[in-house]
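A closer look at the structure
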Amino acid sequence: MQKIAKSVPACYNKPMKRSWLDGKTFLISGASSGLGRGLAEKLISFHDCRIIGIGRSEKKFEDFVASLKENADKFSYRVFDVTDEAKWISLARELKENGVKIDGLINCAGMLPPFRSAVKTAVSDTEIVIKTNFLSCVYAVNAVYPLLAASDTPAIVNISSAAALATIVGTSAYSASKSALKSYTEALSLELRGKVYVSLVMPGFARTGIFRLQNTSIEDDKLIRSFCMPADKMTNKIYRGLKRKKTRMVIGKDARAMDFFYRLFPKPTMLAVKAVLRRAKIKLFEEVFDEE
Ligand SMILES: NC(=O)c1ccc[n+]([C@@H]2O[C@H](COP(=O)([O-])OP(=O)(O)OC[C@H]3O[C@@H](n4cnc5c(N)ncnc54)[C@H](OP(=O)(O)O)[C@@H]3O)[C@@H](O)[C@H]2O)c1
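Residues numbered from 1 in each chain as written. Predicted model: local features only at pLDDT ≥ 70, side-chain atom pairs only at ≥ 80, totals over all residues. Heavy atoms only, no water.

Once that is clear, we can look at the sheet that holds strand E1 (residues 25-29). Here seven strands make up an open sheet; going across it, the order is E3-E2-E1-E4-E5-E6-E9 and the pairing parallel. Strand pairing shows two members of the sheet lacking a second neighbour, strand E3 (75-79) and strand E9 (248-251), which therefore form its edges. Averaged over all neighbouring strand pairs, the angle between strand axes comes to 15°, with direction disregarded. Pairing of strand E6 (residues 197-203) with E9, which is carried by four bridges, proceeds in the parallel orientation. Opposite leucine 200, over in E9, you have arginine 248 as the bridge partner. (Pairing = 2+ DSSP bridges. Helix = DSSP H or I, 4+ residues; strand = E, 2+ residues; numbered from the N terminus. Axes fitted to C-alpha atoms, helices over the stretch in contact; angles between N-to-C directions.)

Looking now at the packing of helix H2 (residues 34-47) against helix H8 (residues 231-243). Each pair of packed helices can be summarised by the angle the axes make with each other and by the distance between the axes. Between H2 and H8, the shortest axis-to-axis distance is 9 Å and the interhelical angle comes to 55°. One finds that H2 runs oblique with respect to H8. Between H2 and H8 lies a crossing of right-handed hand. Residues Leu35, Gly38, Leu39, Lys42, Leu43, Phe46 and His47 of H2 touch H8, and the partners they reach there are Ala231, Asp232, Met234, Thr235, Asn236, Ile238, Tyr239, Leu242 and Lys243. Here the residues of the contact of H2 with H8 sort into nine nonpolar, four polar and three charged. (Parallel < 35°, antiparallel > 145°, perpendicular 65-115°, else oblique. Left-handed = near helix turned anticlockwise from the far one by under 90°. Contact = heavy atoms within 4.5 Å. Nonpolar A, V, L, I, M, F, W, Y, C, P; charged D, E, K, R; others polar.)

Another point: a nonpolar patch on the surface. On the surface, a nonpolar cluster with roughly 420 Å² of combined accessible area is contributed by Phe260, Phe261, Leu264 and Phe265. The exposure class assigned to phenylalanine 260 is partly exposed, which follows from its relative accessible area of 48%. (Patch = residues over 30% accessible without salt bridge, like charges linked within 9 Å, V, L, I, M, F, W, Y side chains within 5 Å. Areas by Shrake-Rupley, 256 points an atom, 1.4 Å probe, with all protein chains shown as cover. Salt bridge = Lys/Arg side-chain N within 4 Å of Asp/Glu carboxyl O. Buried < 20%, exposed > 50% of the residue type's maximum accessible area, 1.4 Å probe, protein only.)

Bringing the nonpolar core into the picture now. Core analysis: the biggest nonpolar cluster contains 31 residues, and Phe26, Ile28, Leu43, Ile51, Phe75, Ile106 and Ile238 have the highest contact counts within it. When residues of this core are traced back to their parent elements, those giving at least two are E1, H2, helix H3 (58-68), strand E5 (155-159), E6, H8 and E9. Here this core takes five residues from H2, the largest share from any one element. For isoleucine 238, the contacting residues outside a window of four places in its chain are Leu35, Leu39, Ile159, Val201, Met249 and Ile251. Among the nonpolar cores identified, the runner-up in size contains 29 residues, and Leu27, Ile52, Leu148 and Leu188 belong to it. (Core = buried A, V, L, I, M, F, W, Y, C linked by side-chain atoms within 4.5 Å.)

Moving on to the pattern of salt bridges. Scanning all chains against the criterion turns up twelve salt bridges. For lysine 101, the salt bridge goes to aspartate 103, with nearest N and O atoms at 3.1 Å. A relative accessible area of 1% places aspartate 103 in the buried class. For arginine 116, the salt bridge identified is with glutamate 287, shortest N-O distance 3.0 Å.

Taken together, 30 residues lie near the ligand, and Ser32, Arg56, Lys60, Ala206 and Thr208 sit nearest. The contact in question runs from a nitrogen atom of the ligand to an N or O atom on the side chain of aspartate 81, over 3.0 Å. At a separation of 3.0 Å, an oxygen atom of the ligand approaches a polar backbone atom of cysteine 108. If the ligand stood free it would expose 880 Å²; the protein chains cover 96% of that surface. (Near = heavy atom within 4 Å. Polar contact = N/O pair within 3.5 Å; in protein donor to acceptor, adjacent residues only side chain to side chain.)

Moving on to unusual backbone geometry. Despite not being glycine, lysine 69 has its phi angle at roughly 50°, a positive value. In this fold, lysine 69 is placed in the loop between H3 and E3. The backbone of lysine 245 shows a phi angle near 55°, a positive value even though the residue is not glycine. Turning to its location among the elements, lysine 245 is positioned in the loop between H8 and E9. On the basis of relative accessible area, lysine 245 is assigned to the partly exposed category, the value being 36%.

This brings us to H8. Over its 13 residues, H8 runs 18 Å from end to end, which matches the ideal 18 Å to within 8%, given 1.5 Å per residue. Three or more residues of H8 are buried, namely Met234, Thr235, Ile238, Tyr239, Gly241 and Leu242. Each buried residue of H8 sits inside an arc of 160° when the element is viewed along its axis, so together they form one side. (Expected span 1.5 Å × (residues − 1). Arc of directions from axis to C-beta.)

Let us look at the packing of aromatic side chains. Tallying each qualifying case throughout the model produces 13 aromatic pairs. The interplanar angle of 15° and the centroid separation of 4.6 Å between the aromatic rings of phenylalanine 61 and tyrosine 77 together place this pair among those described as stacked. Highlighted residues: phenylalanine 61 in helix H3 and tyrosine 77 in strand E3, separated in sequence by 16 residues. Where phenylalanine 80 meets tryptophan 88, the ring centres are 5.3 Å apart and the plane angle is 90°; that geometry is what we call edge-to-face. Judged by its relative accessible area of 7%, phenylalanine 80 is buried. (Phe/Tyr/Trp six-rings, centres within 6.5 Å; stacked < 30°, edge-to-face > 60°.)

Take a look at the structure:
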């Protein structure tokens, strides 16, 4: 009987699909922890990217570098405060002088101030939030754009928040900063259409260190805990969106619900969220309602 040669299915012979991310160099602010660190890790291990991280804590960077083991040489960092525009300008100058090619900028550094009513929030505190969450991104884009423009796949990714989709009581400064970043990113996206991949990321709650300034741990509250996404899951969703060059990402049940209901019924949505938070007596929002 004639033997039939077993053929290897064609799909097994295909070379691994290349991604636009392979071998690129990214600048990531807030790469010392949370989502920024997670993204840096994935870009290095899955795409052999080179990452230059920015943050204030040298210790966090040292820990991250140690965790990268044989990939440690793919990550370098600069310790500075992203609210200092001069630091962005000198970083861009240094990279240009050293002939470093930059393909992407991920603005991920950010802070979440304590939940508090707007009139009880000091102007100086609001200024810090606006500078950290919004102006730092403008400084970064303006300083780094000439370098990015030389890349054949330039990318700008701004990590805003679901707080830019529907405002929650007690988050005036944070929501204002993230809404400003949303509008700024949308304008960038329109202006650079066809030249630069611009992405606006709006995550809902994720379990990272961002809650460190709050009066309580998010783990203490059942309602918040129920929709707070694990940090790694959130990072993974952002990473997958980047791979597919998604220009708008609304991530998490809470973010998607806010997006949907706010579009249909803006005021009732905000009032309903306020009522739920007040009735649920969530410790995180205690100060907001105490001060009414
Ligand atoms: N986690 C959430 O629920 C959530 C939801 C929506 C949006 N986001 C946004 O996601 C981004 C990442 O936050 P995360 O959740 O990963 O929080 P995280 O773990 O606290 O990370 C924040 C990062 O930003 C850096 N950073 C903060 N202020 C800085 C400053 N002035 N100068 C330089 N670096 C600064 C921190 O570095 P150093 O400590 O070294 O300064 C840290 O690496 C933020 O923009 C946040 O608003 C988070």
